[in-house]
Amino acid sequence: MRHQGRERTSARPPFCGAVALAALLIVAVVVCACALPAHAQDDNWYNRHGAVNTFNPDWMTRLPDHRLITELSLPGTHDTMSRCLGYTSAVCDWLECQTLTLATQLNAGIRVLDIRCRHVHNRFAIHHSGYYLDAYFGEPLNIPGHEHAGHENVLKTCIAFLRSHPSETLLMRVQHYTYDDHDCTRTFGETFEWYVEKDSCMICGTWVRYRDYLWRSGNYTVFPVLGEVRGKIVVLQEFVSVEPFGFSWAGLNIQDEWQMWDTYESFNNKEAAIIAHLYAAWNGAPGEMFVNFLSGSDHVWPRHVAGGGAWGQKGMNQRCYECLKPLFDSGTLGRCGAIMMDFPGAGLISLIINHNDLDSRVVRAHVPELRVRSVWPNPSRGGGYPVSYT
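For the structure given in this document, a descriptive report is provided here. (Residues numbered from 1 in each chain as written. Predicted model: local features only at pLDDT ≥ 70, side-chain atom pairs only at ≥ 80, totals over all residues. Heavy atoms only, no water.)

## Structural notes on the overall build of the protein chain
Keep this limit in mind: Numbering of helices and strands starts at the N terminus; helices are DSSP runs of H or I of at least 4 residues and strands are runs of E of at least 2. Only protein chains enter the calculation, and the probe is 1.4 Å; a residue is then buried if its accessible area is under 20% of its type maximum, exposed if over 50%, and partly exposed in between. By definition in these notes, contact holds between two residues if any of their heavy atoms fall within 4.5 Å. Working definition of accessibility: Shrake-Rupley area with a 1.4 Å probe, residue cover restricted to the visible protein chains.
Scanning the protein chain from N- to C-terminus turns up 11 helices and 17 strands. Looking at the protein chain as a whole, 52% of its 390 residues are labelled buried. Excluding contacts between residues fewer than 6 apart, the proportion of contacts in the protein chain whose partners are at least 24 apart in sequence is 72%. Surface accessibility of the protein chain: about 18,300 Å² in total, with carbon and sulfur atoms responsible for 54%.

## Some remarks on unusual backbone geometry
Here the phi dihedral of cysteine 204 falls at roughly 55°; this positive angle occurs in a residue that is not glycine. Residue placement: cysteine 204 occurs in the loop between β7 (200-203) and β8 (206-209). For cysteine 204, a relative accessible area of 77% gives the class exposed. At aspartate 298, a residue that is not glycine, the phi angle is positive and equals roughly 80°. Mapped onto the fold, aspartate 298 is located in strand β14 (residues 297-299).

## Topic: the pairing of strand β15 (residues 337-341)
Here is the rule we go by: Strands are labelled as partners when DSSP assigns at least two bridges between them.
Along β15, five of the five residues are buried, which leaves the element largely enclosed by surrounding structure. Relative to β15, strand β1 (residues 73-77) runs parallel, the two being bridged by five bridges. From the neighbouring strand, leucine 74 faces β15, where its bridge partner is alanine 338.

## Structural notes on the side chain of asparagine 153
Counted only if it meets this: In protein, a polar contact requires one atom able to donate a hydrogen and another able to accept it; more generally it is a pair of N or O atoms within 3.5 Å, and residues adjacent in sequence count only if both atoms are side-chain atoms.
Residue placement: asparagine 153 occurs in strand β5 (residues 152-153). The class of asparagine 153 is buried, set by a relative accessible area of 11%. Separated by 2.8 Å, the side chain of asparagine 153 and the backbone nitrogen of lysine 156 make a polar contact. Within the structure, the side chain of asparagine 153 is placed 3.2 Å from the side chain of tyrosine 210, a separation counted as a polar contact. If we ignore the near neighbours within four places in the chain, the residues touching asparagine 153 are Tyr136, Phe137, Gly138, Glu139 and Tyr210.

## Here's the deal with helix α5 (residues 154-164)
Of all the positions in α5, only Val154, Leu155, Thr157, Cys158, Ile159, Phe161 and Leu162 are classed as buried. The distance from a side-chain oxygen at the start of α5 to the backbone nitrogen of leucine 155 is 3.2 Å, and the residue carrying that oxygen is asparagine 153.

## Notes on the pattern of salt bridges
Let me state the cut-off plainly: When a carboxyl oxygen of Asp or Glu is within 4 Å of a side-chain nitrogen of Lys or Arg, the pair counts as a salt bridge.
A full pass over the atoms with the stated rule returns 17 salt bridges. The shortest N-O distance in the salt bridge between arginine 111 and glutamate 168 comes to 3.0 Å. Residue arginine 111 is located in the loop between α4 (102-108) and β2 (112-120), and its partner glutamate 168 is located in the loop between α5 and β6 (170-176); the two are separated by 57 residues in the primary sequence. According to the relative accessible area criterion, arginine 111 is buried, its value standing at 0%. Salt bridges sharing common partners tie together Asp79, Asp114, Arg116, Arg173 and Glu238.

## Quick notes on the state of the cysteines
We count it as follows: The term disulfide is used for any two cysteine sulfur atoms that are within 2.5 Å.
For the coordinates displayed, the defined rule picks out one disulfide. Two residues, cysteine 84 and cysteine 92, share a disulfide whose sulfurs are 1.5 Å apart. Where cysteine 84 bonds to cysteine 92 through sulfur, the torsion about that S-S bond is close to -75°, and the disulfide is left-handed. Classification of cysteine 92 by relative accessible area gives buried; the value is 14%.

## A look at the packing of helix α10 (residues 316-330) against helix α11 (residues 346-354)
Selection rule: Note on definitions: angles span 0 to 180 degrees between N-to-C directions of axes, and those axes are lines fitted to C-alpha atoms, for helices only across the stretch in contact. What sets the label is the angle itself: under 35 degrees gives roughly parallel, over 145 gives roughly antiparallel, 65 to 115 gives roughly perpendicular, and the rest give oblique. In this scheme, a crossing is called left-handed if the near helix is turned counterclockwise away from the far one by less than a right angle; it is called right-handed if the turn is clockwise. Three categories are distinguished: nonpolar for Ala, Val, Leu, Ile, Met, Phe, Trp, Tyr, Cys and Pro, charged for Asp, Glu, Lys and Arg, and polar for the others, with Gly belonging to the last.
At a minimum axis distance of 10 Å, the contact between α10 and α11 shows a crossing angle of 40°. Comparing their axes, α11 and α10 come out oblique. Where α10 crosses over α11, the handedness of that crossing is left-handed. The residues of α11 that touch α10, namely those facing Asn317, Cys320, Tyr321, Leu324, Lys325 and Phe328, are Gly347, Leu348, Leu351, Ile352 and Asn354. Counted by class, the contact of α10 with α11 contains seven nonpolar, three polar and one charged residues.

See the structure below:
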């Protein structure tokens, strides 16, 4: 905005006005930089602070027992444990997807977890690609030098949360990083069975068996209602085992177009995939599980995909928020499915949760028609993938 000052009444050297204007602009830039976070509305949809300004530990309390878990709108995190602990900034640029601890995520309202395991010494170490994330799936290795390895025990943290908040349920993708098993005498599936049947941990002075908090069923083709799984972890299985321990990850309806570039076209195409999948979830069968990843990387840092590109593109968290908010305000949609996020902000988490207050069968007369376009600008991908886009 142009500043209209008083008319000058005294003579000054001609360069003084330019110097004063430059100084004023510098002050304005500094003030604006202090007044706004690096990404506009940082806490609303994007957050890298290590804390989040929302607290939803019991939000499922208000939901009826008879509602299918596939009918819910569920905030989730992509690569849930991928916080940058002890690596160089160059590694962290590509590695970091979250800044919130697992416990903080759960208390904020996150209910779908993305847990990626490397099979090491008959235990599951949590990894992002080749990088160990200072966490184990259960108890750490019981070999010299490793007894206390790992700052987080995923199952222990989840079970401690469920014991304090028995109205809640957690959906957990368990993925086997198959490229580098190390010094194992059993299969990944056999080690998972060992965790379920034999392993335990101490919570508040009490020994707790993991098996008591993992939901088991004789039929992993039909998803349960919420009342059946309160206080339990439902496994979304991405590993091979003789007997199933959960629902097949490959059998879910998933959007995970993660290979991106830091360009307007790539960001717009990712948004197209996200919105198309939201539209599919709104109109899909109630018993079908939809999973929608807002995350991306490959040729762009995860934080730029989530919070905004280097060239000024809006991040996916903001784009998703701006899609969902007016629809929620007008009451024109219900189920979103599971929305998997990097660096989620308080407003986006709460908005997804609040979509559960809308009837999942509501008439969607005002949901816009979508048109088809190609998602991927990269010719090496072998052609575009048709999706719908507003």
